[in-house]
Amino acid sequence: MRLLMTQRELVGFHGSEMVTVEVAREMAERGHEITVFSPRLGGVAKLLWPSGVRAVSRLDEVPWTPDLIHAHHHLPAMAAMARFERTPAIYYCHGSIPWVEQPPMHERIRCYVMMCEWMVRRVIAEFGLDPGCVSCVPNFVNTTRFSEVRAPSRQLRRALLFQSSALSATELSELESGCAALGLELDKIGAAYGNSQSRPEMLLQQYDLVFASGKSALEAMATGCAVMTLAPTQAGALMTVENFDSWSFANFAPRYYSGATPINEAWLRRELALYSAENAAQVTAKVRRERTLKIAGDQLEGVYRTALESAVSEAAPAPFAAYLERMASEVDAMWVEREGMRGLRDHVAYLESKLAQPQSVVQPQSVIQPQPRSGVLRRLKTVAKSILLKLGA
């Protein structure tokens, strides 16, 4: 099969980028001919080459007409479908909140694939998708990459916060103080903390306990670490064989309005009282048995076959009008945000220049006085996170 995959960028070592790389390489090893289209190519694209997978930044560089489009991210997905107007597609959705992830509507998208059952329910309700066209291929671990498994510790000593979404300063302080009270040394990695890691498979082996969610949680479990789920504003639970399936339903992430447990020392003590090395080893074995890339590859090939069985008519229209109508309102709102960025940057520069001045300098009353440094940083962080969320970053 000639398979065209789409991805918004292949620059950083993040979740959806690595899913694209791992699935593309797996499908190439199964004998499929793969090209990945991504408007922004970077270091991650180089991971594709040893498997013979081509990465292109322009659709006119795709060397053939694909049999099927395996799409991620709706703008690259719709661009590929407009270019190859007789090719059916599946859409692999990593999340429903970021704008770039939201499923596009098009009759040639034969199946919408979600990475957990919680998302299946959400997108059907939120976007009005036909339940018969939505399926779940659960998140997976590349056990060839995460090949080394540590023996779970009898006593937990080293802990790691492993996630891309930052906890608030208060939550991070609570987690740090809770770990210290229990004799745990806590480290932090991820984009939120300015130290993304391209080789977590090498790093995770050094830790007894990992705080994570989603694919990061699965990778830590597969490595032999004890795992506690958490997300900004919400504490989760210690993963055990007893609660594994219920947490798998939500991709190992606490969801809003599903509980009111805060991140604090009491939560940490309560959950860690359930820890046993034997149970942690059983969780690791379950992940490495049931949640592998090979199993996900088998499921995706089944989705591909189903999509190809419903052939596209030679006279099939390309109904992009409804999609562009939706985009007209959404992109216009983002344009307003982008135009506002110039004013925000100017204001940030002004505030920083004032913070750098000696305290003895008297400012004219007509000039806006800068807030204390901590207040400025908090405000800028809040504004930046809001803008990035709306832009789908």
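Look a little higher up for the structure.
Residues numbered from 1 in each chain as written. Predicted model: local features only at pLDDT ≥ 70, side-chain atom pairs only at ≥ 80, totals over all residues. Heavy atoms only, no water.

In the structure shown here, the tally under the stated rule is 21 salt bridges. For the salt bridge of E301 with R30, the shortest nitrogen-to-oxygen distance reads 2.8 Å. Of this pair, E301 sits in helix α10 (residues 293-309) while R30 sits in the loop between α1 (15-29) and β3 (33-37), and the two are 271 residues apart along the sequence. Among the salt bridges present, the one from R289 reaches E290, with a minimum N-O distance of 3.7 Å. Residue class for R289 comes out exposed when judged on its relative accessible area of 52%. (Salt bridge = Lys/Arg side-chain N within 4 Å of Asp/Glu carboxyl O. Helix = DSSP H or I, 4+ residues; strand = E, 2+ residues; numbered from the N terminus. Buried < 20%, exposed > 50% of the residue type's maximum accessible area, 1.4 Å probe, protein only.)

Interhelical geometry of helix α4 (residues 169-181) versus helix α8 (residues 265-272) gives an angle of 50° and a closest axis separation of 8 Å. With respect to each other, α4 and α8 are oriented oblique. Crossing geometry of α4 relative to α8 is assigned as right-handed. Within the contact between the two elements, α4 uses E174, L175, G178, C179 and A181 and α8 uses E265, W267, L268 and R269. (Axes fitted to C-alpha atoms, helices over the stretch in contact; angles between N-to-C directions. Parallel < 35°, antiparallel > 145°, perpendicular 65-115°, else oblique. Left-handed = near helix turned anticlockwise from the far one by under 90°. Contact = heavy atoms within 4.5 Å.)

All right, on to the packing of aromatic side chains then. Taken as a whole, this structure holds 3 aromatic pairs when the rule is applied. Measuring from ring centre to ring centre gives 5.1 Å for F244 and F252, while their planes differ by 55°; the resulting arrangement is tilted. On the basis of relative accessible area, F244 is assigned to the buried category, the value being 1%. Residue class for F252 comes out buried when judged on its relative accessible area of 0%. The ring of F84 has R83 lying over it, and the distance from NZ or CZ to the ring centre is 4.9 Å. It is R255 that lies over the ring of W118; its NZ or CZ is 4.0 Å from the centre. (Phe/Tyr/Trp six-rings, centres within 6.5 Å; stacked < 30°, edge-to-face > 60°. Lys NZ or Arg CZ within 6 Å of the ring centre and 35° of its normal.)

The next thing to look at is empty space enclosed by the protein. Under the definition given, this model contains 1 cavity of 30 Å³ or more. Here the largest cavity defines a volume of roughly 40 Å³. Around the largest cavity, the lining residues are A226, V227, L238, M239, L274, Y275, S276, N279 and A280. Taken together, the elements giving at least two residues each to the lining of the largest cavity come down to β13 (226-231) and α9 (277-290). Taken together, the residues of the lining of the largest cavity sort by class into 7 nonpolar, 2 polar and no charged. (1 Å grid on protein atoms, 1.4 Å probe; cavity = no way out; pocket = protein on both sides within 12 Å on 5 of 7 lines; lining within 4 Å. Points joined across faces, edges and corners; volume = space filled by probe spheres on them. Nonpolar A, V, L, I, M, F, W, Y, C, P; charged D, E, K, R; others polar.)

For the rest of this paragraph, the subject is the pairing of β3. Most of β3 sits out of view: 4 of its 5 residues are buried. Where strand β1 (residues 2-6) and β3 come together, 5 bridges link them in parallel fashion. What sits directly across from L4, in β3, is T35. Sheet topology places β3 next to strand β5 (residues 54-56); 3 bridges connect them, and they run parallel. From the neighbouring strand, T35 faces β5, where its bridge partner is R54. (Pairing = 2+ DSSP bridges.)

Here the focus is the pairing of strand β14 (residues 234-238). Counting buried positions along β14 yields 5 of 5 residues, so the element is predominantly enclosed. Of the pairings in the sheet, the one linking β13 to β14 comprises 3 bridges and is antiparallel in character. Pairing of M228 across the sheet is with L238, part of β14. Between β13 and β14, which pair antiparallel in sequence order, lie 2 residues; one of them, T233, sits at a positive phi of approximately 80°.

To continue, consider the environment of R158. Residue placement: R158 occurs in strand β10 (residues 158-162). Given the relative accessible area of 25%, R158 is considered partly exposed. Expressed as a C-alpha distance, the spacing of R158 and L209, which sit 51 residues apart in the sequence, is 6.4 Å. Setting aside chain neighbours within four positions, we find R158 in contact with L184, E185, D187, Q206, Y207, D208 and L209.

All we've got here are geometric facts, nothing functional implied.
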